[in-house]
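Okay, here's what each chain looks like letter by letter:
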Amino acid sequence: MSEVRHLVLVLGDQLDHASAAFDCFDPGRDRVLMIEAAGESTHVWSHKARTALFLSAMRHFADALRGRGWTVDYRALGDGDSEELVDILAARLRRHAPCKLVLVEPGEWRLERAIRALCERERVALDLRDDLHFMISRTGFADWAKKYRQPRMEFFYRMMRERHGVLMDGDEPAGGRWNFDADNRSGFGRKGPGLVPPPLRFEPDAITREVIAEVEVRFADHPGSTADFDWPVTREQALAALADFVSHRLELFGHHQDAMWTGQPWLWHARLSAAMNLKLLSPREVVAAAVSAWRERGLPLQSVEGFVRQVIGWREFIRGMYWLDMPRMRDANHYGHARALPRWYWTGDTGMNCMRAAIGQTLRHGYAHHIQRLMVTGQFALLAEIAPQQVEDWYLAVYVDAVEWVELPNVAGMALYADGGRFTSKPYVASGAYIQRMSNYCDGCRYTPSARSGEAACPVTVLYWHFLDRHEAEFAANPRTALMAKNLQKLAPAERTAISERAKQMLDGLDDL
Ligand code: FAD
Ligand code: SF4
């Protein structure tokens, strides 16, 4: 008879005190197992701050569980032969010989498969529990999606608002509209964003400082910096970060959601994705805090609805699509793109100001906001015909909030249209004029956003027109992009040829842009 009844595995992105994995936990007979595995930071080349965040938050969480009087078997980096999570788990299963391995469903298809296979091999019963952090289960989402040939976020979002009674006036949406998206797209104009309240910083404590020192040695050649590391690593800090956002930035979140400005990485964004993805915060409490700020402090509905849509709409929808479409999502390559990721994605060393700004802040903080990810680094990778799997690996590596269930659908589905429009109605592409309107990046750039040919031609603009040219028939056939095809047809044949030639030069020399 085994001494350990349940071995409860808590993965690095499952730091949820209310986790279903702890239901019926008996400190006398059960053990928690937490594993730091270098393989998780090296199978994609992870940003140092991302690795530091996961490890620090895990160590704090383990301390909190020990504080409850629970036994935690904590396997630290470098503590044994293998650095692969599944090998380490196999050794622990043999050591503890539990009656059951208990865990909440992981955020990665590959890992779930590997754990299932391991338990079969080792003949250990696996108790895989629903992740109750999310507001809809994987099967609940699949049931909803069955009704649609192309699932759309907007219909999902309405269903979630009704089901959870969020921002509802009886049966009607608060304010008479489901969606204030059209009011969320203002740029800043020439004057810029003005004074933006800086987000609350969390100075690294002793545990975090130790982790950072270790990461700097073990992962010395990895991208990114830990010099400005100030992410929340405990539940208390995550709650403080939420309160700070709701008090100081939510009010203007909606107006400038899509705008960008040099030297302003955060603007009015929440900076909560990492804490939510580690499960230090639940989407329910995040949404409740925003809604009560609307009811009690009269914050604009446009901002509160915009934020709620991201959390109970996009975030839950994206997760549902990931589990519905894996593993084919990872292999998708609608356009057959095969070019290599330009080297400067790892350094920010490019003459394109927009890319330098977005990549530069990414390497410094492990953060860029949605439009920087979608319309700067993402759309450039699409226009430059980069192989989707290389782009996906980059996104998984460089953002502190990156976990595959959320990263992959955003990259393959939204940014690259690699799935051919499984849940988006068109590829998100625009010329340099869009970046010029939404930011100040074009000021002082080596390139000119309106120029389609010649030395100063903006690579975003040139590659945009070249992309339309290559996919003209597809764009013309889609009502959402037909206007782009019409605009292309207005260009004189000589100009189309000149664009194509310049585009080919650029595509052949992506590393030099
Ligand atoms: P805010 O802009 O303030 O938004 C509030 C919250 O809404 C976020 O914290 C997040 O939880 C949620 N949210 C907003 N948009 C999305 C979305 N499209 N999908 C899921 N949740 C969303 N988000 C990640 O958490 N991890 C990723 O690895 C990731 N990769 C992305 C890759 C690409 C190409 C794109 C276009 C988007 C990606 N996103 C990812 C979504 C989004 O960019 C980030 O959630 C957001 O920038 C995080 O910053 P914030 O907390 O300040 O968010
Ligand atoms: Fe980016 Fe083109 Fe503007 Fe330069 S000119 S910042 S490359 S959009």
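What you see is a predicted model, and the numbers here were worked out from it, not measured in a lab. Along each chain, numbering runs from 1 in the same order as the chain's sequence is written. Both sets of labels track the order of writing: A upward for chains, 1 upward for ligands. Reporting of local features is limited, given that this is a predicted model, to residues whose pLDDT is at least 70; pairs of side-chain atoms are given and counted only at 80 or more, and all residues count toward the totals for whole chains, interfaces and linings. The side-chain quantities take in all heavy atoms of the structure and omit both hydrogens and water.

1. Digging into the overall build of the protein chain
Part 1: Secondary structure elements follow DSSP: runs of H or I no shorter than four residues count as helices, runs of E no shorter than two count as strands, and numbering proceeds from the N terminus. Check the secondary structure of the protein chain and you find 22 helices and seven strands.
Part 2: Its C-alpha atoms put the protein chain at 80 × 55 × 45 Å along the principal axes.
Part 3: Contact criterion: two residues are considered in contact whenever any of their non-hydrogen atoms come within 4.5 Å of each other. Of all intrachain contacts in the protein chain linking residues separated by at least 6 positions in sequence, the fraction that spans at least 24 positions is 76%.
Part 4: The Shrake-Rupley method, run with a 1.4 Å probe sphere, supplies the accessible areas, and residue values consider only the shown protein chains as cover. Summed over its atoms, the accessible surface of the protein chain is roughly 20,600 Å², and 50% of this surface lies on carbon and sulfur atoms.
Part 5: Under the convention used here, Asp and Glu are negative, Lys and Arg are positive, and both His and the chain ends fall outside the count. Charge positions are represented by NZ for Lys, CZ for Arg, CG for Asp and CD for Glu. For the protein chain, the separation between the mean place of its 63 positive charges and that of its 67 negative charges on side chains is 3 Å.

2. Points about helix α7 (residues 206-218)
Part 1: Helix span is expected to be 1.5 Å times the residue number reduced by one. With 13 residues, α7 should reach 18 Å at 1.5 Å per residue; the first-to-last C-alpha distance of 18 Å fits that figure.
Part 2: Within α7, the full set of buried residues consists of Thr208, Val211, Ile212 and Val215. Relative to the axis of α7, the buried residues are bounded by an arc of 100° and lie together on one face. For α7, the exposed residues set more than 90 degrees away from the buried face come down to Ala206, Arg209, Glu210 and Val217. Classification of residues uses two cut-offs on accessible area relative to the type maximum, computed with a 1.4 Å probe and protein chains only: under 20% is buried, over 50% is exposed, and between them is partly exposed. Note that the arc is defined by the directions from the helix axis to the C-beta atoms.

3. Some details on the side chain of Glu404
Part 1: Mapped onto the elements, Glu404 comes out in helix α17 (residues 404-415).
Part 2: One side-chain nitrogen of Lys or Arg within 4 Å of one carboxyl oxygen of Asp or Glu is enough to make a salt bridge. Look at Glu404: it is buried, it has no salt bridge, and the nearest opposite charge is Arg330 at 5.4 Å.

4. Focus: the packing of helix α15 (residues 370-383) against helix α19 (residues 459-470)
Part 1: Fitted lines through C-alpha atoms serve as axes, helices being fitted only where they are in contact, and the angles separating the N-to-C directions of these axes extend from 0 to 180 degrees. The geometry of α15 relative to α19 is characterised by a closest axis approach of 9 Å and an angle of 50° between their N-to-C directions. By the angle between their directions, the pair α15 and α19 is classed as oblique. With respect to the hand of their crossing, α15 and α19 are arranged in left-handed fashion. Between α15 and α19, the contacting residues are Gln379, Phe380, Leu382 and Leu383 on the first element and Pro459, Val460, Leu463, Tyr464 and Phe467 on the second.
Part 2: The nonpolar class holds Ala, Val, Leu, Ile, Met, Phe, Trp, Tyr, Cys and Pro. Asp, Glu, Lys and Arg form the charged class, and all remaining residues, Gly among them, are polar. Its residues placed into classes, the contact of α15 with α19 shows eight nonpolar, one polar and no charged. Throughout this description, any angle smaller than 35 degrees is read as roughly parallel, any larger than 145 degrees as roughly antiparallel, any in the 65 to 115 degree range as roughly perpendicular, and the remainder as oblique. Handedness of a crossing follows from how the near helix is turned relative to the far one, being left-handed for an anticlockwise turn of less than a right angle and right-handed for a clockwise one.

5. Structural notes on the packing of helix α6 (residues 153-164) against helix α12 (residues 301-325)
Part 1: One way to put it is that α6 packs onto α12 with a least axis distance of 9 Å and a crossing angle of 110°. Classified by the angle their axes make, α6 and α12 are roughly perpendicular. Of the residues in α12, those in contact with Met153, Phe156, Tyr157, Met160 and Arg161 of α6 are Glu305, Val308, Arg309, Ile312, Gly313, Trp314, Glu316 and Phe317.
Part 2: Across the contact of α6 with α12, the residue classes tally to eight nonpolar, one polar and four charged.

6. Considering the site of ligand 1
Part 1: Throughout, the term near means that a residue has one or more heavy atoms lying within 4 Å of the molecule or strand in question. Looking at ligand 1, there are 28 residues lining it, with His269, Ala270, Arg271, Asn277 and Tyr367 nearest.
Part 2: Under the rule applied, a polar contact is a pair of N or O atoms within 3.5 Å (in protein, one hydrogen donor and one hydrogen acceptor; residues adjacent in sequence only if both atoms are side-chain atoms). A distance of 2.9 Å separates an oxygen atom of ligand 1 from a polar atom in the backbone of Leu272.
Part 3: Take Gln310: an N or O atom from its side chain is 3.3 Å from a nitrogen atom of ligand 1.
Part 4: Across the complex, the protein chains shield 99% of the 820 Å² of accessible surface that ligand 1 would expose by itself.
Part 5: Examining the composition of the shell around ligand 1, we find that six residues originate from one element, α12, more than from any other.
Part 6: Taken together, the residues of the shell around ligand 1 sort by class into 16 nonpolar, seven polar and five charged.

By themselves, these observations are geometric and do not establish any function.
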